[in-house]
Amino acid sequence: MDVQQEAVERPADQFGIRPVRERAGVGGVVVGAVHASVQQLLIAVHLISVAAATDNAGHAFDQAEARDPKHLRPWVVLVDGARHQLDLISAEASRRGVTVHVLLDFVHVAEYVWAAAHAFHKPGTTEAKAWAADRLTAILAGQAAHTAAEMTSQAEREHLPPARREAVGACDRYLTGHLDQLHYNTALENGWPIATGAVEGACRHLIADRLDITGAHWGLHGAEAVLRLRAILANGDLDLYWRYHAAREHERLYPALDQRDYVPTA
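Within any chain, residue numbers begin from 1 and follow the written order of that chain's sequence. Note on the predicted model: pLDDT of at least 70 is required for a residue's local features to be given, and 80 or more for side-chain atom pairs to be given and counted; whole-chain, interface and lining totals, by contrast, use all residues. Where side-chain values are given, they derive from all heavy atoms of the structure, hydrogens and water being excluded.

Caption draft 1: Geometry of the environment of Ile 232. Secondary-structure assignment places Ile 232 in helix H9 (residues 220–234). Through-space distance from the C-alpha of Ile 232 to that of Trp 242 is 10.0 Å; in sequence the pair is 10 residues apart. With sequence-adjacent residues up to four places away left out, Ile 232 is seen in contact with Asp 237, Leu 238 and Tyr 241. Note on conventions: DSSP H or I runs of at least 4 residues are helices, E runs of at least 2 residues are strands, and numbering of each starts at the N terminus. Here a residue-residue contact requires only that any non-hydrogen atoms of the pair lie within 4.5 Å.

Caption draft 2: Up close: the nonpolar core. Judged by nonpolar contacts, the single largest core of 43 residues is most densely connected at Val 109 and Tyr 184. No other element matches helix H3 (residues 106–120), which puts nine residues into this core. With residues up to four places along the chain from it excluded, the contact list for Val 109 reads Leu 104, Ile 139, Tyr 174, Leu 175, Leu 182 and Tyr 184. Ranked by size, the runner-up nonpolar core spans six residues in total, among them Leu 206, Ile 207, Ala 223 and Leu 227. To define a nonpolar core, start from buried Ala, Val, Leu, Ile, Met, Phe, Trp, Tyr and Cys residues and group those joined through side-chain atoms within 4.5 Å. Relative accessible area decides the class of each residue, using a 1.4 Å probe on protein chains only: under 20% of the type maximum gives buried, over 50% gives exposed, and in between gives partly exposed.

Caption draft 3: Spatial organisation of the pairing of strand E4 (residues 100–104). For two strands to count as paired, DSSP must find a minimum of two bridges between them. Two strands pair when backbone bridges link them, and strand E3 (residues 75–79) and E4 are joined in this way by five bridges, in the parallel orientation. In the sheet register, Trp 75 faces E4, and the bridge partner there is Val 100. The handedness of the E3 to E4 crossover, carried by helix H2 (residues 83–96), is right-handed. When the strands point away from the viewer, a crossover counts as right-handed if the route from the first strand across the helix to the second turns clockwise.

Caption draft 4: Broad picture of the packing of H3 against helix H4 (residues 126–140). For the pair H3 and H4, interaxial distance at closest approach is 9 Å and the crossing angle is 140°. Looking at the two axes, H3 sits oblique to H4. H4 is crossed by H3, and the crossing has right-handed handedness. Residues Phe 106, Val 109, Ala 110, Val 113, Trp 114, Ala 116, Ala 117, His 118 and Phe 120 of H3 lie in contact with H4, whose contacting residues are Ala 128, Lys 129, Trp 131, Ala 132, Arg 135, Leu 136, Ile 139 and Leu 140. Across the contact of H3 with H4, the residue classes tally to 14 nonpolar, one polar and two charged. Angular values range over 0 to 180 degrees, each being the angle between N-to-C directions of two axes fitted as lines to C-alpha atoms, with helices fitted over their stretch in contact. Oblique is the label for any angle not under 35 degrees, not over 145, and not in the 65 to 115 range, which are roughly parallel, roughly antiparallel and roughly perpendicular in turn. Each helix crossing is assigned a hand: it is left-handed if the near helix lies turned anticlockwise from the far helix by less than a right angle, otherwise right-handed if that turn is clockwise. Note on residue categories: nonpolar means Ala, Val, Leu, Ile, Met, Phe, Trp, Tyr, Cys or Pro, charged means Asp, Glu, Lys or Arg, and polar means any other residue, Gly included.

Put into structure tokens, the structure is as follows:
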């Protein structure tokens, strides 16, 4: 699935953001097709999801380029951190000569931080919420490396048992392994989105509201056709598309006769 949204840059700082809980989401505008699992989102003052397949990554960049052919606007890529995903994005950006700013979806980061918080404090307690809020605020301020080192040191000081220590270690590895994609302070200063809510919202109102109806059974081609039309309708392009469709159908049914295209065979 490819999703694009042109967004207005709205600078913010970490003090204007409420503490992140386990889940978050916002709506968006959608364009595109379904071929592979919906997972990632590319935002370029556009929002584009990058699916797992190479052709979908290329299609997503095609859509972004159609909206910004001269590469005048910032392109921000939101990802979940999968290496294959990052390689596809890097290859496409290099091939097209466009600079992209890659960020980890902050909701994914929050999930790791909350898991680490529950290693130190009982879930649902004020202490766990305060611990997570402090670390997430620091990460938003561009202090991901310091935050990772601090939680690892705390785990060593408190001699956490192996099972609880693993959650802290996983968070540490996730943060330190993606430091180049954790520049949220820069993103917030420039007013860029830091979470993939547009894709999450599209999955619900574009896909689930139609394909998940009771008793429905879909094949790939039928689902693809229906979702393409729903995307066109959601973006307000139905009239434009229908004129194009009618013109193509007329050409198919009533092709122009040109004797020069025919070669006598007898």
